[in-house]
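# What the coordinates show
Here is how the chains run, residue by residue.
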Amino acid sequence: MDKKTALGLLDSTCRKEFGCEFKEATKQQVYKALCLIVKDILVEKNVEFKNKTKKNGNKQVYYMSMEFLVGTSLHNNLYNLKIEDEFKLVLKENGIDIEEIYEMEPDAGLGNGGLGRLASCYMDSLSSLGIPATGYSIRYEFGIFKQKIIDGWQMEFPDDWLNLGDVWLSARADESVTVKFGGRVNEYMNEDGYHAEHVDFVPVVAVPYDMYISGYDSEAVNKLVLWSAKSPKNLDMAAFSRGEYAKALEENTKAEVISKILYPADDHIDGKILRLKQQYFFVSASLQTIVSKHFKKYATLDNLSDKVSVHINDTHPALCVPELMRILMDEYGCGWDDAWAICEKTLSYTNHTVMSEALERWSEQMFGGQLPRIYQIVAEINRRLLLKLHEIYPGDYAKIDYMAVIAHGEIRMANLCLACCHKINGVSKLHSNILVESIFRDYYNLDNSKFTNVTNGIAYRRWLCQANPELTSYLESLIGTGFKKDSKELEKLMEYHGNSEVIETLAKIKRNNKLRLADYISKANGINVDPDSIFDIQIKRLHEYKRQLLNVLQILRMYNMIKDNPNLDIPPRTFIFAAKASAGYSMAKQIIRLIVAVSNTINNDPEAREKIKVVFIEDYRVSLAEKIIPAADISEQISIAGKEASGTGNMKLMINGAVTLGTLDGANVEIFENVGKDNIFLFGLKAHEVEELWKKGYSPLDYTRGNMELQRVLDMLTSNVLGARFDDVAKSLLTNSYGVADAYMTLADFDSYCKAQDLVSSVYTDKMKFGNMCLTNIAKAGVFSSDRAISEYAENIWKCK
C-alpha cells in the first residue's frame, strides 16, 4: 500500500461512514475510519485464508479460554499488516499524530492477568505461523474493572470498553445458537436404545461476534469469537401492556447478565451460579458450532479428532468434556464408548496453576440444578472412572478418592480434564515437574504419555517492536531484521557483549524510555521521578503469593537505612508498582493501601525522596504495560518458589533489557538457565526447600527474633508512622488470624531478598557490567517467543501444521 492509496481509503471511509471529507473529520471519526479500513483488510485476508485451509483440509485448532486480554488492536494490526508507515505519513501531513489516535482506543480488557494475555499472544502467533485457529470466549459488556485509588483504597468502576472498542467486532446473529439451563431430563428407551431429553429448560441465545486477529507479515488472519447472551424473548408484551414494565424486560435482563461482566464476585451463591453459567454458556455455544460445521462439511464425526483440536485453557472451559459428550450422544446419536473415544482424542488441557483455589470445584447440588443433563454425564464419567481405578488400585481408597471427578459433594474440574484429555501440559519446566510429582502424580502414574511441558511465550513483536521502536531500530542496525520473523536471531546481539559503544547506546535508549514513563507518572500521579535513578518495577496482578508485600517491606528497610544515615551512598531508586486486586480480595486491597501509604510517606520526606521514591500507577492494563516495560531496569519476579506457574511479565521485561531480580520460580528458572548466574539477581528458598520447611514446621517468628532490622519494619505497620495502621497485614505475617501465618514465607526470604537488593545497588554503579547484563537478557530472550510455544503445541499436542 502506498500513501495515495491510504489517503483514498481514509477519504472514502469518512464520506461513507460520517458524511464528511477526511480533512473535515474529527479525531474520533479518524480513529473509527482507520479501524474500519483495517478491519476490512482483515476480513478479506480471513476469507482468503479460510478458503485456502478448507481446500487443503487443514486441521483446525479451537482455543477455549474464559479470558482474552487483547489490549488495543489498531497499532498491532497496522504493524502486523506492514501498513503503519503509510497511514502515519498521511495523518502527519494532515496535522494528526498517529500516537494520539492510538491513545483514543480503549483496552479490550477481557481478562484478569497473565492467563488472558497469554491467550491473546497465542492467537497472534497462530496467525503469524499460518495455523488455522479460532479463539472462543465471552463478549463481556464490561471487562476487567477500571481501577481508581481513593484515599489509598482501590475502588472499582465499570470498564465500558465497547464504547469505542466495538468497532473491531462483527455480529453474526444468523449463526446464533441456544444454550439450555435448568429444567429436568426425561430418560427413555426405544428400539434405538437409550435417550435423554432435556425439558422445561430456560433457553439463552448465544450471539457470536467476530474479532479478527492478524499475524506479522502473514497471509493468515484468524478469528476470536466472543459470545453475547440474549433472551429469545426480548420483551414480554403481555406484562408490558399491564404496565409491568420491569417484569416485561426481566427475562432478557436475566439472560444478558451472563455476558455482562468478567469474573463476577463469587463469595455468595448467586455469584457462583453466574460463574458456572458463564462457563457453560461459552463452552456449549462454541462446541455446538464446531461440531455442526464439521458435520456439515464431512457428514461424519468419526474423523473429528483428525480435523479438529479443542484446547482447554485452564479449568474454566473444563465443561468441554461433558458438553462434547452430550452433543455427540444426544444430538448425533453416538454411543457412549464411541463418544468418549472421540472426546479423548479431540480435547487437550493446559493447567496454569498449583493454587488450590484456582483448581475449580463446584457444589454437586448447585451444578445438578443448573445443568441437569451435564450433571448426569459427569456422574457417569465418574462412575466409570471409579470402576477403572478400583481395578488398578484395589483397596487404595484415599488415592481413588483423590482422583475422583465427584467426591464429598463437589465436582472437580481439573480431574474432569485429567480423566479425559489426551494431552495435559504445564507452562514451565518447574511447574510441569510439580504437576507430575505432586498434585497430578496419580494421574501421571496411570498414563505418563499424556503429560508434557510447553513453557509460556510472549508476542514479542508487540512487546519489543511496537512498544520499544527505538530499541528495535537499533537492533536492526546491529543484527539485521531477521529477528522480527525469528526471535532466535536476537542471539546475534551477543557478538556485541563488552562493546562499550553498544552498551552506551542501549543505556541512552533506556533513558529515553524512562523519560517517557517519568512524563506519564508526572501527569498521572503528580510525582516527579529521576530518569537517572534505577527503575525497579513490579507490575502484575496483586496476590499474596506474588509477594508485592516483600518488596514493600524491603523498601521500608531501605527507608530506615536512609533515616539512620542521610548520607548513605546508594544509587537513587524509583520503585514502581502497578496492579489490580480482585474486587473481593480484602488482603490484596490492604497491600495496595500499604504501598500507597509508603509512597506518600517517602515521597514527602525531604531526607529520603532524593534517594528513593515509590509510585503506584493506577489502572494497570496492557496499554499501560507497553509504556512501563521499556523503561524498566530491574524486573521484580519475587513469588514464593513453587507457586508461580510461569509468568510472562518476566519475559516481556527481559526482552526490553531489564534484569530479573527473582526467586527460582516458574519461568525464572529457564531465564536463569539461558542468561547464566552472572546476568540475573537470584535470592530465596528453592521450591524443594519451601516444601521441606513446611514439613519441618515453618514459624515466621523464628525469622523475627534477633532480627532488629526486620522487627523495626514490622513495627512500622502497626505504629501509625505511615499515616495509617496496617494491623491486618502484620497479623497475616505473624499470626494465624487469617489462615496460616505468613503463608507465602515472606519473612523467611526477607534477608536473602535484602542482600539481593544491596547487590543490585552495587552492580548498577558499574555501568559496563550492568549494561552487559541488560544486553545479555535481550539476546537470550528469543526462546520465550509465543511463536516457539505455539510451534510446540502444534507439533506435540494438536498434531497440526
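Look up: the structure comes first, before these words.
In what follows, the accompanying structure is described.

### Quick look at the sheet that holds strand β22 (residues 612–616)
Sheet strands associate in pairs through backbone hydrogen bonding, adopting either a parallel or an antiparallel arrangement. Spatial ordering of the open sheet is given by β22-β21-β20-β23-β24-β25, a layout of six strands whose pairing is parallel. Each end of this open sheet is capped by a strand with a single partner; those strands are β22 and β25 (681–682). Two strands pair when backbone bridges link them, and strand β20 (residues 534–539) and strand β21 (residues 573–578) are joined in this way by six bridges, in the parallel orientation. Looking at β21, one finds that I534 is bridged to R573. In this fold helix α24 (residues 548–564) packs onto β20, β21, β22 and β23 (634–637), with an angle of close to 155 degrees to the strand it touches most, β21. Against the sheet, helix α34 (residues 767–779) contacts β23, β24 (659–662) and β25, and its axis sits at roughly 95 degrees relative to β24.

### A look at the nonpolar core
Within the largest apolar cluster, 224 residues are counted, with the highest numbers of intra-cluster contacts made by L74, F281, L717 and W798. The element contributing the most residues to this core is helix α11 (residues 269–298), with eleven residues. Leaving out residues up to four positions away in the same chain, F281 has contacts with I138, V179, F181, V204, V205, A206, W227, S228, A229 and I258. V502, L517, A632 and I655 belong to the second-largest nonpolar core, a separate cluster that totals 55 residues.

### Comments concerning the pairing of β21
Counted residue by residue, β21 has six buried out of six residues, so it is predominantly covered. Where burial is concerned, the two faces of β21 agree: the one with R573, F575 and F577 and the one with T574, I576 and A578 are both buried. Once the chain exits β20 it traverses α24 before rejoining the sheet at β21, and the crossover so formed is right-handed. Bridge count between β21 and β22: five bridges; the pairing is parallel. The partner of F575 across the bridge, within β22, is V614. Of the crossover connections in this fold, the one passing from β21 over helix α25 (residues 586–603) to the parallel β22 is right-handed.

### Concerning the packing of aromatic side chains
Scanning all chains against the criterion turns up 15 aromatic pairs. Relative to Y703, the ring of Y698 has its centre 5.7 Å away and its plane inclined at 50 degrees; by these criteria the two rings are tilted. Looking at Y703, the relative accessible area reads 29%, which means it is partly exposed. Residue placement shows K514 over the ring face of F535; its charged tip is 5.0 Å from the ring centre. The cationic tip of K580 hangs over the ring face of F145; the distance from NZ or CZ to the ring centre is 5.3 Å.

### Quick look at the side chain of Q757
Residue position: Q757 is located in helix α33 (residues 750–764). Discounting chain neighbours no more than four positions away, the residues touching Q757 are D536, Q554, R573, F575, E636 and L661.

### A word on unusual backbone geometry
For D217, which is not glycine, the phi dihedral falls at a positive 50 degrees. When you line up the elements, D217 lands in the loop between β11 (202–214) and β12 (221–230). Taking relative accessible area as the criterion, D217 reaches 39% and is therefore assigned partly exposed. Phi at D619 takes a positive value of approximately 60 degrees, unusual for a residue other than glycine. Owing to a relative accessible area of 11%, D619 belongs among the buried residues under this scheme.

### Topic: a negative patch on the surface
Together, E17, D40, E44 and E48 make up a negatively charged patch on the protein surface. Per-element accounting of the negative patch gives the leading share, three residues, to helix α2 (residues 27–56). With respect to the helices and strands, D40 occurs in helix α2.

### A closer look at a positive patch on the surface
Taken together, the side chains of K50, K54, K293, K296 and K297 define a basic patch exposed on the protein surface. Counting only elements with at least two residues in the positive patch, the list comes to α2 and α11. Here the element with the most residues in the positive patch is α11; it accounts for three residues. Structurally, the position occupied by K297 is in helix α11. With a relative accessible area of 44%, K297 lands in the partly exposed category.

### Some words on the pattern of salt bridges
Inspection of the entire model under this criterion finds 47 salt bridges. Residue E380 is joined to R383 by a salt bridge in which the shortest nitrogen-to-oxygen separation is 2.7 Å. Here E380 and its partner R383 are both found in helix α16 (residues 372–392), three residues apart, which amounts to about one turn of the helix. Judged by relative accessible area, which is 43%, R383 ranks as partly exposed.

What counts, and at which threshold
Residues numbered from 1 in each chain as written. Predicted model: local features only at pLDDT ≥ 70, side-chain atom pairs only at ≥ 80, totals over all residues. Heavy atoms only, no water. Pairing = 2+ DSSP bridges. Helix = DSSP H or I, 4+ residues; strand = E, 2+ residues; numbered from the N terminus. Contact = heavy atoms within 4.5 Å. Axes fitted to C-alpha atoms, helices over the stretch in contact; angles between N-to-C directions. Core = buried A, V, L, I, M, F, W, Y, C linked by side-chain atoms within 4.5 Å. Buried < 20%, exposed > 50% of the residue type's maximum accessible area, 1.4 Å probe, protein only. Right-handed = clockwise from strand over helix to strand, strands pointing away. Phe/Tyr/Trp six-rings, centres within 6.5 Å; stacked < 30°, edge-to-face > 60°. Lys NZ or Arg CZ within 6 Å of the ring centre and 35° of its normal. Patch = residues over 30% accessible without salt bridge, like charges linked within 9 Å, V, L, I, M, F, W, Y side chains within 5 Å. Areas by Shrake-Rupley, 256 points an atom, 1.4 Å probe, with all protein chains shown as cover. Salt bridge = Lys/Arg side-chain N within 4 Å of Asp/Glu carboxyl O. Lys, Arg positive; Asp, Glu negative; His and termini not counted. Charge placed at Lys NZ, Arg CZ, Asp CG, Glu CD.

In short, geometric facts, not functional conclusions.
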